[in-house]
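What follows is each chain in one-letter form.
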Amino acid sequence: MSASELPVLEFVLTNYKNFNARATRDALLSYWEHVSSGGRMFWSVAGAMSSAQLGITLAPAIRAGLIHGLSVTGANLEESLFRLVAHSAYKDFPEYRYFTKQDDTKILEQRMRRVTDTSIPEDEAFRAVEKYVVPMWKTATEKGQRRFWHEYFYEVIQMLEPSSYEGDPEACWLLEAARRKLPIVVPGYEDSTFGNIFASYVKTGECNASIVKSGIEYMADFYDRYEELSAGKGVGFFQIGGGIAGDFPICVVPSIKYDLQKPVKPWAYFCQISDSTTSYGSYSGATPNEKITWDKLTETTPMFVIESDATIVAPLMLRALLEAQSKPEAAKALIAKHQR
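- As named in an unreviewed UniProt entry, the chain is Deoxyhypusine synthase, taken from Corallococcus macrosporus DSM 14697.

## As for the packing of aromatic side chains
Next up, step 1: Inspection of every chain in the model, using the stated rule, returns 23 aromatic pairs.
Next up, step 2: Joined through ring pairs, the aromatic side chains of Phe82, Phe126, Trp137, Trp149, Phe153, Tyr189, Phe194, Phe198 and Tyr201 make up one cluster.
Next up, step 3: One residue, Arg83, lies across the ring of Tyr90, its end atom 3.8 Å from the ring centre.
Next up, step 4: Its guanidinium or amino end placed over the ring of Phe148, Lys213 lies 4.8 Å from that ring's centre, counting from NZ or CZ.

## Side note on the packing of helix H7 (residues 149–159) against helix H8 (residues 173–180)
Next up, step 1: It is at 9 Å that the axes of H7 and H8 come closest, and there the two elements cross at 105°. On the basis of their axis angle, the class for H7 and H8 is roughly perpendicular. Taking contact as the criterion, the partners of Phe153, Tyr154, Ile157 and Gln158 in H7 are, on H8, Leu174, Leu175, Ala177, Ala178 and Arg179.
Next up, step 2: Within the contact of H7 with H8, the residues separate by chemical class into seven nonpolar, one polar and one charged.

## Some thoughts on the sheet that holds strand E7 (residues 235–240)
Next up, step 1: With respect to topology, six strands assemble into an open sheet ordered E6-E2-E1-E7-E8-E9, the strand pairing being parallel. The strands lining the two open edges of the sheet, one partner per strand, are strand E6 (184–185) and strand E9 (303–306).
Next up, step 2: By the bridge criterion, six bridges tie strand E1 (residues 40–45) to E7 in an arrangement that is parallel. Of the residues in E7, the one forming a bridge with Ser44 is Gln239.

## Remarks on the sheet that holds strand E3 (residues 91–92)
The pairing of strands in a sheet happens through backbone hydrogen bonds and is either parallel or antiparallel.
Next up, step 1: What the three strands build is an open sheet, ordered E3-E5-E4; its pairing is antiparallel. Of all strands in the sheet, those with a lone pairing partner are E3 and strand E4 (112–115), marking the two edges.
Next up, step 2: Bridge count for E3 against strand E5 (residues 118–121) is two bridges, and the pairing is antiparallel. Residue pairing for E5: Lys91 is matched across the bridge by Ser119.
Next up, step 3: On the sheet, helix H6 (residues 122–143) packs against E4 and E5 and is oriented at approximately 45° with respect to E5.

## As for the pairing of E4
Next up, step 1: Examined bridge by bridge, E4 and E5 share four bridges and lie antiparallel to one another. Bridge assignment links Arg113 to a residue of E5, and that residue is Ile120.

## Quick look at the pattern of salt bridges
Next up, step 1: On inspection of all chains with the given rule, the structure shows 19 salt bridges.
Next up, step 2: Close ionic contact of Asp26 with Arg25 constitutes a salt bridge, the shortest N to O distance being 3.0 Å.
Next up, step 3: By relative accessible area, which is 22% here, Asp26 ends up partly exposed.
Next up, step 4: Residue Arg146 is joined to Glu217 by a salt bridge in which the shortest nitrogen-to-oxygen separation is 2.8 Å. Residue Arg146 is found in the loop between H6 and H7, and its partner Glu217 is found in helix H10 (residues 215–229); the two are separated by 71 residues along the sequence.
Next up, step 5: Here Glu217 falls in the partly exposed class, since its relative accessible area comes to 27%.

## Focus: the state of the cysteines
Next up, step 1: Under the definition given, this model contains zero disulfides.
Next up, step 2: Left without a disulfide partner, Cys251 is nearest to the cysteine sulfur of Cys271, which lies 18 Å away.

## Describing H7
Next up, step 1: Where H7 is concerned, the buried positions are Trp149, His150, Tyr152, Phe153, Tyr154, Val156 and Ile157.
Next up, step 2: Here the buried face of H7 lies against helix H4 (74–86), H6, H8, E6, helix H9 (193–203) and H10.

## So, the pairing of E5
Next up, step 1: Taking every second residue as pointing to the same face, both faces of E5 are buried, with Thr118 and Ile120 on one and Ser119 and Pro121 on the other.
Next up, step 2: Joining the antiparallel neighbours E4 and E5 is a turn of two residues, in which Thr116 adopts a positive phi near 60°.

Quick notes on the rules
- Residues numbered from 1 in each chain as written.
- Predicted model: local features only at pLDDT ≥ 70, side-chain atom pairs only at ≥ 80, totals over all residues.
- Heavy atoms only, no water.
- Phe/Tyr/Trp six-rings, centres within 6.5 Å; stacked < 30°, edge-to-face > 60°.
- Lys NZ or Arg CZ within 6 Å of the ring centre and 35° of its normal.
- Axes fitted to C-alpha atoms, helices over the stretch in contact; angles between N-to-C directions.
- Helix = DSSP H or I, 4+ residues; strand = E, 2+ residues; numbered from the N terminus.
- Parallel < 35°, antiparallel > 145°, perpendicular 65-115°, else oblique.
- Contact = heavy atoms within 4.5 Å.
- Nonpolar A, V, L, I, M, F, W, Y, C, P; charged D, E, K, R; others polar.
- Pairing = 2+ DSSP bridges.
- Salt bridge = Lys/Arg side-chain N within 4 Å of Asp/Glu carboxyl O.
- Buried < 20%, exposed > 50% of the residue type's maximum accessible area, 1.4 Å probe, protein only.
- Disulfide = S-S within 2.5 Å.

Here it is as structure tokens:
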């Protein structure tokens, strides 16, 4: 089997020798070694990755069994849905670096919400999804039902008729995660467009805040999910960006150990892609070995930091992993060849 059948993996192995390139290669190979031997991988996704269309490679990776759980911001959760129902109404602004305040005011007047070089259409995205979600909230309020934040979105995205899709459903990570009932935590979901919309309905008395389970309940449930994920070869932690999306789930290990006083497997792998520089007191800029002191990682945990743009690095790594997953024997031979 020729190496050309694994073009991205071969490219990385051939060219990525030093600096951030080497970190990318080593993290990729360690990821593959972990999952190909039966381990699982948990992803933490901060930043505007859904608006950046990471789902193009994230959804196939979920389908292929390369991702087994997720922690995402409320924005990434809802924006995956937005991309599915309103893709053709998005507008891109590649010249955004040269915009004036007046240019951005014009975008506002067009009822668009800019995210770096792209924008989310308010009417086709926010208001269209609101028609589905708000009745669900009101019904839950009437019946006294309580669910996690992501469970409402899991239901919405699966009840949509395919005729309403504007984006490619094969590139929608939320749809794939919902179909597979992937365990998800959405810490700090209040800090999102629909978190704000929900708050407004709570303020007017049309919805009860208690219909959404709290972040504390997310962690209490995640204790069990972690034990399931870490069974066997263990579960690794793959982090994009920083903040609460990363810090919330990684804390489950010391919390089980010290707060529940139960035995727990440590995270089996750690990789962070971040363009945050190492700095004083910054979670995003903290080096992985600092996490050893918090008992989140151990000195034997494979650790990698890739100081780069996740919109460039993550799709590259996922595509190489998908190649390896589809042709494991060829991948094994190619990796062996480059490790001589």
